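A look at the structure
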Amino acid sequence: MKEFFILFLALGLWSCGTQEVQKSPAQPKEVSSYTIEIQRAVTVYDTFSAAAYPIRELQVALDSLARNSNAALLKSDTEELIIRVQELENRPDPLPLADTGMRSRLKLLRTYLLQFKGALEDQEAVEAAFDLVNEANNSLLVYWNGLVN
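A brief look at the structure comes next. Here the structure is a predicted model, which is why all the values come from computation and not from measurement.

1. Observations regarding the overall build of the chain
- In terms of helices and strands, the chain carries 6 helices and 0 strands.
- For the chain, the sequential pattern of α-helices and β-strands runs α-α-α-α-α-α.
- Expressed as a percentage of the 149 residues in the chain, the buried residues total 33%.
- Within the chain, counting contacts between residues at least 6 apart in sequence, those at least 24 apart form 71% of the total.
- In the structure as shown, the chain presents an accessible area of about 9900 Å², 57% of it carried by carbon and sulfur atoms.

2. Focus on the pattern of salt bridges
- Scanning all chains against the criterion turns up 4 salt bridges.
- Residues R40 and D63 are paired through a salt bridge, measuring 2.9 Å at the closest nitrogen-oxygen approach. Linking R40 in the loop between α1 (2-15) and α2 (55-67) with D63 in helix α2, this pair joins segments that are 23 residues apart in sequence.
- The partly exposed category is assigned to R40, whose relative accessible area is 32%.
- Connected through salt bridges with shared partners, the residues E89, K107 and R110 form a single ionic network.

3. Considerations on the environment of A98
- You can see A98 is positioned in helix α4 (residues 95-98).
- You can call A98 partly exposed: its relative accessible area is 27%.
- Measuring from C-alpha to C-alpha, the distance between A98 and L88 comes to 9.1 Å, with 10 residues separating the pair along the chain.
- Residues within four places of A98 in sequence aside, it is in contact with P92 and R103.

4. Things to note about the environment of R91
- As for its position among the elements, R91 is in the loop between α3 (71-90) and α4.
- Given the relative accessible area of 24%, R91 is considered partly exposed.
- Linking R91 and R103, residues 12 residues apart in sequence, is a C-alpha distance of 9.5 Å.

5. Remarks on the packing of α3 against helix α5 (residues 100-122)
- Where α3 contacts α5, the two axes come as close as 9 Å, and the packing angle between them is 160°. The pairing of α3 with α5 is recorded here as roughly antiparallel in orientation. Two packed elements cross with a definite hand, and for α3 against α5 that hand is left-handed. Contact residues: α3 offers L74, K75, T78, E79, L81, I82, V85, Q86, L88, E89 and N90, while α5 offers R103, L106, K107, L109, R110, L113, L114, F116, K117, L120 and E121.
- Classifying every residue of the contact of α3 with α5 by side-chain character gives 11 nonpolar, 3 polar and 8 charged.

6. Topic: unusual backbone geometry
- Positive phi is not limited to glycine here, since Q123 has a value of about 60°.
- Exposure remark for Q123: the relative accessible area of 22% places this residue in the partly exposed category.
- Despite not being glycine, A125 shows a phi value in the positive range, around 50°.
- Structurally, A125 is set in the loop between α5 and α6 (126-148).
- Residue classification places A125 among the exposed positions, given a relative accessible area of 55%.

7. Concerning the packing of α5 against α6
- Running from N to C, α5 and α6 point in directions that differ by 165°, and their axes come no closer than 9 Å. Compared by their axis directions, α5 and α6 come out roughly antiparallel. Two packed elements cross with a definite hand, and for α5 against α6 that hand is left-handed. Residues G101, M102, R105, L106, L108, L109, Y112, L113, Q115, F116, A119 and L120 of α5 touch α6, and the partners they reach there are V126, A129, F130, L132, V133, A136, N137, S139, L140, Y143, W144 and L147.
- When its residues are assigned to classes, the contact of α5 with α6 shows 19 nonpolar, 4 polar and 1 charged.

Calculation criteria
- Residues numbered from 1 in each chain as written.
- Predicted model: local features only at pLDDT ≥ 70, side-chain atom pairs only at ≥ 80, totals over all residues.
- Heavy atoms only, no water.
- Helix = DSSP H or I, 4+ residues; strand = E, 2+ residues; numbered from the N terminus.
- Buried < 20%, exposed > 50% of the residue type's maximum accessible area, 1.4 Å probe, protein only.
- Contact = heavy atoms within 4.5 Å.
- Areas by Shrake-Rupley, 256 points an atom, 1.4 Å probe, with all protein chains shown as cover.
- Salt bridge = Lys/Arg side-chain N within 4 Å of Asp/Glu carboxyl O.
- Axes fitted to C-alpha atoms, helices over the stretch in contact; angles between N-to-C directions.
- Parallel < 35°, antiparallel > 145°, perpendicular 65-115°, else oblique.
- Left-handed = near helix turned anticlockwise from the far one by under 90°.
- Nonpolar A, V, L, I, M, F, W, Y, C, P; charged D, E, K, R; others polar.

Don't take any of this as a statement about function, it's just geometry.
In structure tokens:
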């Protein structure tokens, strides 16, 4: 029993050696501006009034988002745009916005805007995240143009 106790004590003392201090990774530099641009494959046909069919207003909001290069402004404008798209998703009328295909494309756009917002906060792959926003927006416009024509 003594041998076991001595062995246990020796192993305990041996494991109490100095530990290597891990250095924390260097803080990434704060990126203060990004260059993003809207790449529309089609133009929106808004043959109805802008008050009843706010797709053109959504495009204007996307354009104003792309004009910002300041990271803080991009975050706040993206949050406002996410709220606007969610309101369009939940809007009971008019008929083209109540279409399930239209709602699914709006939901996809909102999802990619949320990913873009996350990329801005993490400061990683911001341009790639905005490319997904462009793809979702183009899909939305193509579907919208098919509905109104």
